[in-house]
Amino acid sequence: MAVGPYTSQTIWIAEADDFVIRQFEDVYFVFCKSAGTTHLLNFLTASIVKNAVDKPGNMKDLYDRVLNDLELDAEDCPSELFESSVVQLDEVGLLKPKEYSNA
Amino acid sequence: MSSTEDSKTKFRDQRRQLLRLGAAGMPMVLTLGAGASGGPLISQLQCVITLPGSIRILVDDDGAAWVGNGNLKKKKGKYKSKDINNFKDNADFSFPSSSAPSQFRPGSCSGDGDGDGDGDSSSSCYELYSLDAYQLITPGDYVDVNGSWNLGSDAASLYVALSARQADLSPNSSWPGISCIVSILNYLG
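Scoring rules and cut-offs
- Residues numbered from 1 in each chain as written.
- Chains lettered and ligands numbered in written order.
- Predicted model: local features only at pLDDT ≥ 70, side-chain atom pairs only at ≥ 80, totals over all residues.
- Heavy atoms only, no water.
- Disulfide = S-S within 2.5 Å.
- Helix = DSSP H or I, 4+ residues; strand = E, 2+ residues; numbered from the N terminus.
- Pairing = 2+ DSSP bridges.
- Axes fitted to C-alpha atoms, helices over the stretch in contact; angles between N-to-C directions.
- Contact = heavy atoms within 4.5 Å.
- Expected span 1.5 Å × (residues − 1).
- Buried < 20%, exposed > 50% of the residue type's maximum accessible area, 1.4 Å probe, protein only.

(A) Inspection of the state of the cysteines at higher detail. Residue and element names in this part refer to chain B. Enumeration over the complete set of coordinates arrives at 1 disulfide over all chains. The partner cysteine of Cys109 in its disulfide is Cys125, sulfur to sulfur 1.8 Å. In this structure, the disulfide formed by Cys109 and Cys125 twists by about 90° around the S-S bond and is classed as right-handed. Of this pair, Cys109 sits in the loop between strand S6 (93-95) and strand S7 (111-112) while Cys125 sits in the loop between strand S8 (122-123) and strand S9 (126-131), placing them 16 residues apart in sequence.

(B) Region of interest: the sheet that holds strand S4 (residues 37-41) of chain A. Spatial strand order, S2(A)-S3(A)-S4(A)-S1(B): 4 strands in an open sheet with antiparallel pairing. With partners counted over all chains shown, the strands left at the sheet margins are strand S2 (19-24) of chain A together with strand S1 (29-32) of chain B, one partner each. Averaged over all pairs of adjacent strands, the angle between their axes in this sheet comes to 20°, without regard to strand direction. Looking at chain direction, strand S3 (residues 27-32) of chain A and S4(A) are connected through 5 bridges and run antiparallel. What sits directly across from A:Val30, in S4(A), is A:His39. Along the sheet, helix H1 (residues 43-54) of chain A makes contact with S2, S3 and S4 of chain A together with S1 of chain B, crossing S4(A) at roughly 115°.

(C) Here's a closer look at helix H3 (residues 155-169) of chain B. With 15 residues, H3(B) ought to run about 21 Å at 1.5 Å a step, and its terminal C-alpha atoms sit 21 Å apart, in line with that. Those residues of H3(B) that fall on the buried side of the exposure criterion are B:Ala155, B:Ala156, B:Ser157, B:Leu158, B:Tyr159, B:Val160, B:Ala161, B:Leu162, B:Ser163, B:Ala164, B:Gln166 and B:Ala167.

(D) Up close: the sheet that holds strand S3 (residues 55-60) of chain B. Residues and elements named next belong to chain B. The antiparallel open sheet is built from 4 strands, whose spatial order is S6-S4-S3-S9. Looking along the sheet, the strands with just one partner apiece sit at the ends: S6 and S9. Recorded for the sheet is a direction-independent mean angle of 15° between the axes of neighbouring strands. Sheet analysis places strand S4 (residues 65-68) next to S6, joined by 3 bridges and oriented antiparallel. When the bridges of S6 are listed, Trp66 appears paired with Ser94. In the packing of H3 onto the sheet, contacts are made with S3, S4, S6 and S9, and the angle to S9 comes to roughly 100°.

Below, the structure written as structure tokens:
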């Protein structure tokens, strides 16, 4: 369950100033300065955070960009897995919903 | 196909495998230093016991227990006394009465003479539990927020209960995971 409500139009952001990221092969250590916690991300969740840092977007937008970056298709990474990964990132504070739309 | 393409294909296959695990429910994010609830992690509760081999635990109706890897088969709901004695004789560890909590003891208990004509008596006064080799057990998972043990009735719970008993009886024994359980007991005080 996400920290707060979200819709398909919710814009997800990641605040790069709050993180220190170190990559070890295909594992990413992300230290969150404000919370004092360290998170281990795999290539998928790391790519979601990077994309949300570079350009915040809604679920579909981020999904398309991440799949493109990782050269994966929807069969490899179903949208349900992607959405659950976004929610997990939200729960640990690495992603935040920026705004909501009724559209 | 070149070796570079080979390794690229292998790399992508590994990633696809990880995504399949994710789709099956494996977390995609792990947090160190604080739980998802925001509470601090207690390092003493995080140790994990890896079983070095398959383990069988025989418990009698008084809560005595024997730990080994002998073969033991039930026949008509009962174990042969010969097999029971053999298991006990070859057990790596044994525990006195009242070691296994009541939920692990056999529900009913009766014994037969040599009624089936196979030259052996049999008894239903035992319950057998099995654990697989390399199974991971995190005793801290069985400690609730108040610092009390909260055991189920499965084999892993029994292993944790006997580990705590072993730590009382012989804290320097070769019981697999003894240092883990000792550190937890020290923490719980």
